[in-house]
Amino acid sequence: MTFKPTPMPSLWPGELAAQLREQAPPAALKESMAARLRARALASAQAHKAFKVTRREDGAWQPRGPGAQARVLHEDAQFCVECVKLQSGAAMPWSDTDHAQEILVLSGSLSWEGSPLPSMGYGVRDATHTVVAATQEGAEMYVRRLRVDPAALPAPESHWWQQAAGQRVNDALGGTWSGNGLGMEIRPLAQAGAVASMLIRLAPGGVAPDHAHPIAEDCMMIEGALFLGDILLRALDYQLAPTDATHCSISSDTGALFFVHGALPA
């Protein structure tokens, strides 16, 4: 059976506005409604106070070498997470503190050891002799730089970096997606045990289950928009959920595509 939506009445904006009427809550309910709204806002702020959000407007682009610039999304002793832009032919910078780099191509394309890695290609670079450079069209990437020896990380995360080294996926949007029946699909890119880097896709109206974080979780929005509780994330916004924090009420009205590194949903 083909679903046919119920036709909506056709109204010009002025006609629609004329039919709208301001509705004030009854005086007896006004204060209780305001109290519930205040309580919800307070609970949401409390639940997400440990989360870090970097907006696409935040930060300045800084030079990272010939033809390269970067905008830092998050930085600590173990990781530097950033967006990187490369001009045509520019090499992907390797810092003296880098032990590995996880790279997702957002636009343009790379030459990875002489082979093309197109837009939405993915790879984990674990040595300076892995030659990575932009092709003629240039490239913009999401990059997670590992600043310490993997052995210094918590065991599940350490195991992931050791297993992911050298992995590469030419088409991150292809391959096998698994759904949760609620409008969410997951495409693992590199997995070791219960830790994975993955793409997650929410259909319009889709929801993701509430979940805790046994390890920190990085989330980079690629397309669309979603709500994490009352926090709105848009394309190129970034969020870090710290260890032991809980994500709740994840949904998208419009649909969303985002990259996540963290523990797989139980």
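Located above this text is the structure these notes cover.
Before going into details, it helps to say that this report is about the structure given with it. (Residues numbered from 1 in each chain as written. Predicted model: local features only at pLDDT ≥ 70, side-chain atom pairs only at ≥ 80, totals over all residues. Heavy atoms only, no water.)

**Some remarks on the nonpolar core**
One broad rule of soluble globular proteins: the nonpolar side chains tend to lie buried together.
Moving on, step 1. Ranked by internal contacts, the top residues of the largest apolar core, which has 32 residues, are L104, Y122, Y142, W160, L199 and F259.
Moving on, step 2. Those residues in contact with Y142 that lie beyond four places of it in its chain are L73, V81, E82, E102, I103, L104, L106, D218, M220, Y238 and F259.
Moving on, step 3. By size, the runner-up hydrophobic cluster in this structure holds 17 residues, among which are I186, M198, L202 and I231. (Core = buried A, V, L, I, M, F, W, Y, C linked by side-chain atoms within 4.5 Å. Buried < 20%, exposed > 50% of the residue type's maximum accessible area, 1.4 Å probe, protein only. Contact = heavy atoms within 4.5 Å.)

**Here's the deal with helix α3 (residues 155–164)**
Moving on, step 1. Among all positions of α3, only E157, S158, W160, W161 and A164 are buried. Along the axis of α3, the buried positions cluster into a sector of 160°, meaning they face one direction only.
Moving on, step 2. Positive phi shows up at G166, right after α3, with a value of about 85°. (Helix = DSSP H or I, 4+ residues; strand = E, 2+ residues; numbered from the N terminus. Arc of directions from axis to C-beta.)

**What about the packing of aromatic side chains?**
Each aromatic ring pair is characterised by the separation of its centres together with the angle its planes make.
Moving on, step 1. This model, assessed by the stated rule, comprises five aromatic pairs.
Moving on, step 2. Ring centres of Y142 and Y238 lie 6.5 Å apart, and the angle between their planes is 40°; this geometry places the pair in the tilted category. With Y142 in strand β8 (residues 132–146) and Y238 in strand β17 (residues 238–241), this pair connects stretches of sequence that are 96 residues apart.
Moving on, step 3. Since its relative accessible area comes to 1%, Y142 is described here as buried.
Moving on, step 4. Relative to W161, the ring of W160 lies with its centre 5.0 Å away and its plane at 90°, an arrangement referred to as edge-to-face.
Moving on, step 5. The class for W160 is buried, based on a relative accessible area of 0%.
Moving on, step 6. The rings of Y122, Y142, Y238 and F259 are connected pair by pair, giving a single aromatic cluster.
Moving on, step 7. Seen from the ring of W177, R201 lies directly overhead, with NZ or CZ sitting 3.8 Å from the centre. (Phe/Tyr/Trp six-rings, centres within 6.5 Å; stacked < 30°, edge-to-face > 60°. Lys NZ or Arg CZ within 6 Å of the ring centre and 35° of its normal.)

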